[in-house]
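# Structural overview
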Amino acid sequence: MKTSIFSQISIDGKLTLGAGQSSKPLFSLFDSNDMEFIHKFRGNVDGIMVGKNTINTDNPFLTNRYEEHKNPVRIIPTRTMDIPLNSNVLTDEEKTIIVTTEKGKNDDKMEILRDRNKECLICGEEEVDFVQLYDQLEDKFGITSLMVEGGGFLNWHIFNQGLVDEIILMQLPIIIGGSTNITLVDGEGYTEMDCIKKFKVAEVQPRENFTLLRYLKAV
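Bear in mind that the values here come from a model prediction, so they are computed numbers and not experimental data.

### Details of the packing of aromatic side chains
- Applying the stated criterion across every chain, the model contains seven aromatic pairs.
- Plain terms: the ring middles of F30 and F210 are 5.7 Å apart, the flat faces sit at 90 degrees to each other, and that makes the pair edge-to-face. Taken together, the residues F30 in the loop between β1 (2-9) and α1 (32-42) and F210 in the loop between β8 (199-206) and β9 (211-217) connect sequence positions 180 residues apart. When sorted by exposure, F30 lands in the same class as F210, which is buried.
- Connected via pairs of aromatic rings, a cluster forms that spans F6, F27, F30, F37, F41 and F210.

See below:
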C-alpha cells in the first residue's frame, strides 16, 4: 500500500500552536487554492487516516469538499476506542473504519458503530498493529493508497514500522516553538544513526503562502 504522510507545518516542524491545541488556526494562513490542493489530494487516495487525538481536538469531517463522490475511506486507529460518539466522522453517512486492540475493544460501542454502518477492526493486543491493519485494509476493503494526516504520535508509529513511502509537507513561513508542542514525528525517537528513517528530496516548490516539500523513501 502506498502511504503518504501529508501535513501542514511551521518552519520549525510544529503542527499546532501548543500541546493539546487544534491545528485549525494554521489553516487561516491558506487561501482557497491551498485548501483545494489539500482536498483534491484526498480525492486521489483510497483512504485517509488520522489519530483519535485529531478527532477529539479538531473534530474533522476528512472529506473532499471540492469534488463530489470522491471521498476517501476514513480510518481512525485508537487502542482504547475513546472517541466521542458524536464526532463528525461517526455521525455522517461517509464510510469510516475504527481500528482498535483486543485489550481496548468495547463491544457496546462497537455495536453502536456498526448500527451506524461504521466498520470496526481489531488489530493488535495492546497497541494497534499497523502492519496487520494494512493487510486488512487491502484484503477486506481494497485500499491500496493511504493519506495520513496524523499528529506526531500516529506518524511515529507509521514511520517506525517502515510503512511510509512519501512525505508531502505544506511548510508555512512561520516559527511557533514550544518544547512540548506537537511536531511532525514525536514518539520515542531514534538515538542511533543505524535506526533513522531515510528519505530523498523529490520536490521543493515555493508557493504564495507556503513551500511545498515532497520526499520519497530512500531505497
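### Concerning the UniProt feature "domain: Bacterial bifunctional deaminase-reductase C-terminal" (unreviewed entry) in the protein
- Mapped onto the present numbering, the UniProt feature "domain: Bacterial bifunctional deaminase-reductase C-terminal" (unreviewed entry) falls at residues 6-205.
- Between the end C-alpha atoms of residues 6-205 there is a gap of 15 Å, over a span that is 26% helix and 19% strand.

### Observations concerning the layout of surface pockets
- Counted as a void, the largest pocket has a volume near 1100 Å³.
- As for the largest pocket, its lining consists of 44 residues, of which G51, N53, T54, G150 and G151 are closest to the centre.
- Of all the secondary structure elements, the ones that give two or more residues to the lining of the largest pocket are β1, α1, α2 (52-58) and α6 (152-160).
- With five residues, the single largest contributor to the lining of the largest pocket is α2.
- Looking at the lining of the largest pocket residue by residue, the classes come out as 15 nonpolar, 20 polar and nine charged.
- Considering only enclosed or pocket space, the second largest pocket measures out at about 220 Å³ in volume.
- W156, F159, I167, L169, L184, V185, D186, G189, Y190, K197, F199 and Y215 together form the lining of the second largest pocket.
- Only α6 and β7 (166-171) provide two or more residues apiece to the lining of the second largest pocket.

### Some remarks on α6
- Taken as a whole, α6 has its buried residues at G152, L154, N155, W156, I158 and F159.
- Backbone geometry just downstream of α6 places G162 in the positive-phi region, at approximately 70 degrees.

### A short note on the pairing of strand β6 (residues 145-148)
- Residues of β6 alternate between two faces, with S145 and M147 on one and L146 and V148 on the opposite face, all of them buried.
- In the sheet, β1 pairs with β6 via four bridges, with the strands oriented parallel. What sits directly across from S4, in β6, is M147.
- The pairing of strand β2 (residues 47-49) with β6 spans three bridges and is classified as parallel. For G47, the partnering residue across the bridge sits in β6 and is L146.

### Digging into the sheet that holds β8
- Spatial strand order, β5-β4-β3-β2-β6-β1-β7-β9-β8: nine strands in an open sheet with mixed pairing. In the strand order of this sheet, the two ends are held by β5 (119-122) and β8, each with one partner. Averaged over all adjacent pairs, the angle separating strand axes in this sheet is 20 degrees, with direction ignored.
- Pairing geometry for β1 and β7, over six bridges, is parallel. In the sheet register, I5 faces β7, and the bridge partner there is I167.
- Contacts between α6 and the sheet are confined to β1, β2, β3 (73-77), β6, β7 and β8, with β1 contributing the most and set at about 145 degrees to the helix.

Cut-offs and rules
Residues numbered from 1 in each chain as written. Predicted model: local features only at pLDDT ≥ 70, side-chain atom pairs only at ≥ 80, totals over all residues. Heavy atoms only, no water. Phe/Tyr/Trp six-rings, centres within 6.5 Å; stacked < 30°, edge-to-face > 60°. Helix = DSSP H or I, 4+ residues; strand = E, 2+ residues; numbered from the N terminus. Buried < 20%, exposed > 50% of the residue type's maximum accessible area, 1.4 Å probe, protein only. UniProt positions renumbered as here; feature names shortened; annotations may be inferred. 1 Å grid on protein atoms, 1.4 Å probe; cavity = no way out; pocket = protein on both sides within 12 Å on 5 of 7 lines; lining within 4 Å. Points joined across faces, edges and corners; volume = space filled by probe spheres on them. Nonpolar A, V, L, I, M, F, W, Y, C, P; charged D, E, K, R; others polar. Pairing = 2+ DSSP bridges. Axes fitted to C-alpha atoms, helices over the stretch in contact; angles between N-to-C directions. Contact = heavy atoms within 4.5 Å.

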